[in-house]
Amino acid sequence: MAELEGLEFGKSDFVLLDEVTMEQFMENLKLRFEKGRIYTYIGEVVVSVNPYRQMDIYGKEAIDAYRGRELYENPPHLYAVSDAAYKAMKRRAKDTCIVISGESGAGKTEASKYIMQYIAAITNPSQRAEVESVKNVLLKSNCVLEAFGNAKTNRNDNSSRFGKYMDINFNFNGDPTGGHINNYLLEKSRVVQQQGGERNFHSFYQLLRGGTEETLKSFHLENNPALYTYTREGAAAATTNNDRSNHKAVMSALDVIGFSKEEINSIYQILAAILLLGNVEFGSEGEIVHVVDQDTVTHISELTATDPESVTKGLLYRTVATGGGDVIEKGHTEKDACFGRDAFAKALYERLFGWIVSRINGIIEVKDYNPVLHGKNTVIGVLDIYGFEIFDNNSFEQFCINYCNEKLQQLFIELILQQEQEEYQREGITWQHIDYFNNQIIVDLVEQQHKGILSILDEACLTVGKVTDTVCLESMDTKLAQHPHYTSRKLSPTDKTMDFQKHFRIRHYAGDVTYSVDGFLDKNKDLLFQDFKRLMYNSANPVLKEMWPDGQLSITEVTKRPLTAGTLFKNSIVALVDKLACKEPYYVRCIKPNEMKSPVLFDDARCQHQVAYLGLLENVMVRRAGFAYRQQYPRFLQRYKMTCEYTWPNHLMATDREAVEAIITQHGFQGDVAYGHTKLFVRTPRTLFTLEQERATLIPILVLFLQKVSPHTFITIIIIIIRVTSDHQYQWWARQIVKNIPPSEMLEVRAKVAALTSLSGERKDWGLGRAWERDYLSNARDCPQTSSAFVRVSKELKNKDGYAQVVFSGFCRKVNRFNKSTDRALLVTDKYVYKLEPKKLYKVLKRLPLDSFTGLSVTSGTDQMVALHTSTQDDVLLCLQQGELCPNQDRVGELVGAMVDHFTRIRKGLLPVKVCRSALQLHMRGKPKSVTVETKAGQTVADFKKSRDGFILLVPDK
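Calculation criteria
- Along each chain, residue indices are assigned from 1 in the same order as the chain's sequence is written.
- Given that the model is predicted, a residue must reach a pLDDT of at least 70 before its local features are reported, and side-chain atom pairs must reach 80 or more before they are shown or counted; all residues, however, enter totals for whole chains, interfaces and linings.
- As a rule here, side-chain values come from all non-hydrogen atoms in the structure, and water together with hydrogens is ignored.
- Elements are defined by DSSP. Helices are runs of H or I of four residues or more, strands are runs of E of two residues or more, and each kind is numbered from the N terminus.
- Categorising residues by exposure relies on relative accessible area from a 1.4 Å probe, with only protein chains included: less than 20% of the type maximum marks a residue as buried, more than 50% marks it as exposed, and the intermediate range marks it as partly exposed.
- Residue contacts follow a heavy-atom distance rule, with two residues in contact if any of their heavy atoms lie within 4.5 Å.
- Here, Shrake-Rupley sampling with a 1.4 Å probe gives the accessible areas, and only protein chains in the shown set may cover a residue.
- Per-residue confidence from the predictor is given as pLDDT, running between 0 and 100.
- In this analysis, strands are considered paired if DSSP registers two or more bridges between them.
- The criterion for an aromatic pair is that two Phe, Tyr or Trp rings (for Trp, the six-membered ring) have centres within 6.5 Å, with stacked assigned to planes under 30 degrees apart, edge-to-face to planes over 60 apart and tilted to the rest.
- The criterion for a disulfide is a pair of cysteine sulfur atoms lying within 2.5 Å.
- Only the stretch in contact is used when fitting a helix axis, every axis being a line fitted to C-alpha atoms; angles between N-to-C directions are given from 0 to 180 degrees.
- Each patch is assembled from residues with relative accessible area greater than 30% and no salt bridge, linking like charges that lie within 9 Å and nonpolar side chains (Val, Leu, Ile, Met, Phe, Trp, Tyr) that lie within 5 Å.
- Within this document, salt bridges are pairs made up of a side-chain nitrogen of Lys or Arg and a carboxyl oxygen of Asp or Glu, the two lying within 4 Å of each other.
- In this tally, Asp and Glu contribute negative charge and Lys and Arg positive charge; neither His nor the terminal groups of the chain are included.
- In plain terms, the charge of a residue is placed at NZ if it is Lys, CZ if Arg, CG if Asp and CD if Glu.
- Geometric relationships in this document are graded by angle, where less than 35 degrees denotes roughly parallel, more than 145 denotes roughly antiparallel, 65 to 115 denotes roughly perpendicular, and other angles denote oblique.
- Rotating anticlockwise by less than a right angle from the far helix to the near helix defines a left-handed crossing, while the corresponding clockwise rotation defines a right-handed one.
- Each residue gets one of three labels, nonpolar for Ala, Val, Leu, Ile, Met, Phe, Trp, Tyr, Cys and Pro, charged for Asp, Glu, Lys and Arg, and polar for the others, Gly among them.
- We call a set of buried residues a nonpolar core when its members are Ala, Val, Leu, Ile, Met, Phe, Trp, Tyr or Cys and they connect through side-chain atoms within 4.5 Å of each other.
- In this description, the arc belongs to the directions extending from the helix axis to the C-beta atoms.

Describing the overall build of the protein
If you tally the helices and strands in the protein, you get 32 helices and 31 strands. Relative to its full complement of 958 residues, the protein shows a buried share of 56%. Partitioning the intrachain contacts of the protein with sequence separation of at least 6 by distance along the chain shows that 64% fall at a separation of at least 24. Total accessible area computed for the protein in this model is approximately 42000 Å², and 51% of it derives from carbon and sulfur atoms.

Topic: the side chain of Asp901
The topology assignment puts Asp901 in helix H32 (residues 892–905). Beyond its immediate sequence surroundings of up to four residues, Asp901 is in contact with Arg750, Ala751, Ala754 and Arg774.

Remarks on the confidence of the model for the protein
For the protein, the average pLDDT comes to 86, and 88% of its residues sit at 70 or higher. Confidence drops under a pLDDT of 50 for residues 720–734, and excluding neighbours within four residues, the segment shows 13 contacts in the predicted structure.

Things to note about unusual backbone geometry
Even without being glycine, His220 reaches a positive phi, approximately 60 degrees. The topology assignment puts His220 in the loop between helix H7 (213–218) and helix H8 (229–235). On the basis of relative accessible area, His220 is assigned to the partly exposed category, the value being 27%. Backbone geometry at Arg774 places phi at a positive 70 degrees, although glycine is not the residue there. If you trace the backbone, Arg774 turns up in the loop between helix H30 (746–759) and helix H31 (787–801).

Comments concerning the pairing of strand E2 (residues 45–49)
In terms of residue burial, E2 counts as a mostly covered element, since five of its five residues are buried. Burial along E2 is two-sided: Val45, Val47 and Val49 facing one way and Val46 and Ser48 facing the other are all buried. Strand direction decides the pairing type here: strand E1 (residues 39–42) and E2, joined by four bridges, are antiparallel. Bridge pairing in E2 links Ile42 to Val45. Count of turn residues in the E1/E2 antiparallel hairpin: two residues, of which Gly43 carries a positive phi of about 65 degrees.

Structural notes on the packing of aromatic side chains
Applying the stated criterion across every chain, the model contains 31 aromatic pairs. Judged by centre distance (3.7 Å) and plane angle (5 degrees), the ring pair of Tyr58 and Tyr114 falls under stacked. Here Tyr58, found in the loop between E2 and helix H2 (60–66), pairs with Tyr114, found in helix H4 (residues 108–122); they are 56 residues apart in sequence, far enough to count as distant. For the pair Tyr58 and Tyr114, a shared accessibility class is recorded, and that class is buried. Put simply, the rings of Phe396, Phe399, Tyr486, Phe504, Tyr515 and Phe520 pair up and form one aromatic cluster.

Here we look at the state of the cysteines
Inspection of the entire model under this criterion finds zero disulfides. Sulfur of Cys404: no disulfide; nearest cysteine sulfur belongs to Cys400 and is 9.5 Å away. For Cys404, a relative accessible area of 0% puts it in the buried group. Of all cysteine sulfurs in the structure, the one in Cys472 sits closest to Cys461, which takes part in no disulfide; the separation is 7.2 Å.

Here we look at the sheet that holds strand E12 (residues 378–384)
The seven strands are arranged E1-E2-E16-E3-E12-E6-E7 in an open sheet whose pairing can be described as mixed. Two strands bound the open sheet, and with one partner strand each, they are E1 and strand E7 (176–184). The sheet shows a mean angle of 20 degrees between the axes of neighbouring strands, taken without regard to direction. Sheet topology places strand E3 (residues 96–101) next to E12; five bridges connect them, and they run parallel. Bridge pairing in E12 links Ile98 to Val382. Sitting on the sheet, helix H5 (residues 129–149) touches strand E6 (163–170) and E7, and the angle it makes with E7 is about 20 degrees.

Quick look at the sheet that holds strand E15 (residues 511–516)
Reading across from one edge, E13-E14-E15 is the order of the three strands in this open sheet, with antiparallel pairing throughout. The sheet terminates laterally at strand E13 (486–488) and E15, the two strands that pair on one side only. Going across the sheet, the axis of each strand differs from the next one's by a mean of 25 degrees, ignoring polarity. When E13 meets strand E14 (residues 503–508), the two strands line up antiparallel, connected through three bridges.

So, a positive patch on the surface
A grouping of Lys335, Lys466, Lys525 and Arg561 is seen on the molecular surface, where their side chains present a positively charged patch. Relative to the assigned elements, Lys335 resides in helix H13 (residues 334–364).

Points about the pattern of salt bridges
Counting across every chain of the model gives 43 salt bridges. Lys113 is paired through a salt bridge with Glu110; the nearest N and O atoms lie 2.9 Å apart. Of the two residues, Lys113 and Glu110 both sit in helix H4, three residues apart, roughly one turn of that helix. One salt bridge connects Glu661 with Arg657, and the closest N-O pair in it is separated by 3.1 Å.

Remarks on the environment of His508
Its location among the elements puts His508 in strand E14. Spatially, the C-alpha atom of His508 lies 8.0 Å from that of Asn402, the residues being 106 residues apart in sequence. Ignoring any residue separated from it by four or fewer positions in sequence, one finds His508 in contact with Phe388, Asn402, Glu406, Ile442, Val513 and Tyr515.

Quick word on the packing of helix H25 (residues 633–640) against helix H26 (residues 656–667)
Look at H25 against H26: their axes get within 9 Å of each other, and the N-to-C directions meet at 45 degrees. Looking at the two axes, H25 sits oblique to H26. Where H25 crosses over H26, the two elements pack in a sense that is left-handed. Judged by residue contacts, Tyr633, Pro634, Phe636, Leu637 and Tyr640 of H25 engage Asp656, Arg657, Ala659, Val660, Ile663 and Ile664 from H26. Class assignment of the residues belonging to the contact of H25 with H26 gives a composition of nine nonpolar, no polar and two charged.

Topic: the nonpolar core
Ranked by size, the top nonpolar core spans 108 residues in total, and within it Phe148, Leu221 and Tyr268 carry the most contacts. The element best represented in this core is H13, accounting for 14 residues. Excluding its chain neighbours within four sequence positions, the residues that come into contact with Tyr268 are Phe148, Leu207, Phe219, His247, Val250, Met251 and Leu254. Listed in part, the 78 residues of the second largest apolar core include Val45, Leu415, Val467 and Ile591.

Concerning the pairing of E3
When you tally the buried positions in E3, you get six out of six residues, the bulk of the element. Both faces of E3 are covered, namely the face carrying Thr96, Ile98 and Ile100 and the face carrying Cys97, Val99 and Ser101. Where E3 meets strand E16 (residues 584–591), six bridges bridge the pair, whose relative direction is parallel. When the sheet's bridge partners are listed, Ile100 is paired in E16 with Val588.

Concerning the packing of helix H6 (residues 202–210) against helix H10 (residues 261–278)
Running from N to C, H6 and H10 point in directions that differ by 100 degrees, and their axes come no closer than 10 Å. Put simply, H6 runs roughly perpendicular to H10. Every residue of H10 that contacts H6 at Ser203, Phe204, Leu207 and Leu208 is listed here: Tyr268, Leu271, Ala272, Ile274 and Leu275. Of the residues contributing to the contact of H6 with H10, the split by class is eight nonpolar, one polar and no charged.

Focus on H25
For H25, the full list of buried residues reads Tyr633, Phe636, Leu637, Arg639 and Tyr640. The buried residues of H25 occupy an angular sector of 170 degrees when the element is viewed end-on, so they sit on one face.

Here's what the structure looks like:
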């Protein structure tokens, strides 16, 4: 649940609606949009409404506010779901993914950029150069892929015309080490033709408007998109994109990512060649077709480093092999020549885009990764893929895009329902069935073997002879006549919104879409004459040659018929869904508020349609299937224990569940909750509101008071509260003062209370006035050279031994029974105490069960000597070392406090602490020893000398 916002902003979580109706959902969505609250939760799903304006909610302050916090601790935000995915990945070594969905113009691309920026901002605190380099490449790749993969459409000035899924790899320390980008179905038909008012890909306009005069001249171009057939339609299209400044940004990004100057030049040479290809015109004399302007062909051959005659020949002729093995040249008709030219231009751009993606992958992919040496490599996936599309004229591209959205919607439904149902079953809570639309029937309509539309298209493409789009439509009508989600004019003769022999309609989950079959077969076959492939493979430009490996085949070599475009796309989407299904998913559901790109207009009907087809209302119902909110007992207790006198600051009950029951009972909410095995389930939102309001009332009290007291006084007050006194009025007063200690500080407070109580004022200095870090070996500031190695080892031990918490860790000098000392590292966890060898990557030298320790002995001086007593009378004697974080700091008090507090709270027992004013008494291998500490100027903690009944430790004079 999100932190409470004022009622004037509506409900920050749709789960908290009084009634789950479309009317209430839309009322809340509209109110929040009008108040500038563009994010709202459905449990852990973020609903995002495109604001169509710059929002001041993404700076460093916002990043700091969401870093490391739980979803419910701040207002809804993309940063919250990003942090949740990152924490799940880092804490539990769990692969996660963030799926961003919504229609074109809903803000998916912007959302993915903010998510990437957040992840980059919260990682690599030590500023390691190699990690910074990876982060730069990951961020800059967005800029490059937008330039070459995005375009202005009538719905969106920066519409992604391809699908992108990026895996970001993280090391055991939670820092990004690389990534991999998958791209899906680039809309290459846009290269040669756009709808009215739309543009070609940004890259063309950036080159023409942002390229220097010298560059354009070398490319035989002019600074005017209207001069080129492929960019003419979009030359006058109004857009918010600044092509000139964006071109500079892309050039800089390519350089930062690691493209060489030669590679960058080749990229733009290919763009120039495509632009010039569009201006190639054909004429004919009888049956002979010729190129009208040979100079243009010469420029294309120069830019592609090929022979001019070969370019001309490729445009005018097609080389084919006969059944007898002879090779002949067939001259094109003027129509075929135009078709071949445009197919070549589309293929050039598609290969260029694919090469750019593969080149980026080659730079950022994790190489030579050894999990044994580096720990488990975990992943966060970010999916930014085209949204559902319904245009006036919907062709093969829209058919594929909408099929992709059907698959993703099906995954969303399955995972959300499955996760909810599994959680209820796992927790022993009765599940209430929720009706929802299962769109598997539509997925099958498209992809089912032998019966689906893609199979029918493939069958038509394989049929020998002249098979037209119309013939294919007739086949679909015959095989799919009984399907409830398919129709055509032939099957619905009275529906005049469709034309005979041209249209078919699919009833998608997002609404009915009418498709025109014109061009379906050609786009599915994805024909490109082999001559062009051989031409590019034989280019003197190594970049071009690399893009066309299939051009090395001679015309007489028999090759297997390639898979169709539709089948290739289906296979890639099936693989994508499989990849997402094995990760823990987080969702951002984007909504487009209006068609005018207005920051103030909220089109109710338009938004309601999106809410309906995204299944958001069903999502709320599933989330609220009996219980609106659920939380693990320790987390619920941590947040609300301050509202109950029996649980603050510590409870003395057997389990956290019992403590939670005490909170619920004190507030009278017993009839509104259910207790699962590990979680509390709350039925109505008002229970949460009441708890949150009381918590919010209590928080300022302690803050005001603590401004007036010293740290020592503060600890003393805590002790007064913990100790039972007979003065109930004083108890009440003390509780009011300290009721709202931030949960994040409670571990340190408890430890200091335990240390003060145990040491009873007998030790001169025990570190009260400084912050207690506990886990010093993991702290990069304290041990910058080896902290990463220790983190890896501690994770391995955690997985192997199953401990949950580090109680204390630090460097020490270990003293053995022969009075010899060596540098060691100490790791105390809630299960074991480990002696480690820092010089050997923290190799475990000894492991003792924590239960075997029976007490501690320390001196009353300022030395750092500690004796850990064991039940086996093989005690551990060591001298703590200060590390680099803060020289000369006392850590004995911290070790004592941490262990005593742990035994008191978790072990439910006492750990006796003895402060010795003379010698420490201990046993080593069953034999009694005594240790006397002397202070002597010039000596170090490594110096020892024998005494009659033990030995003397000499420490430097402070």
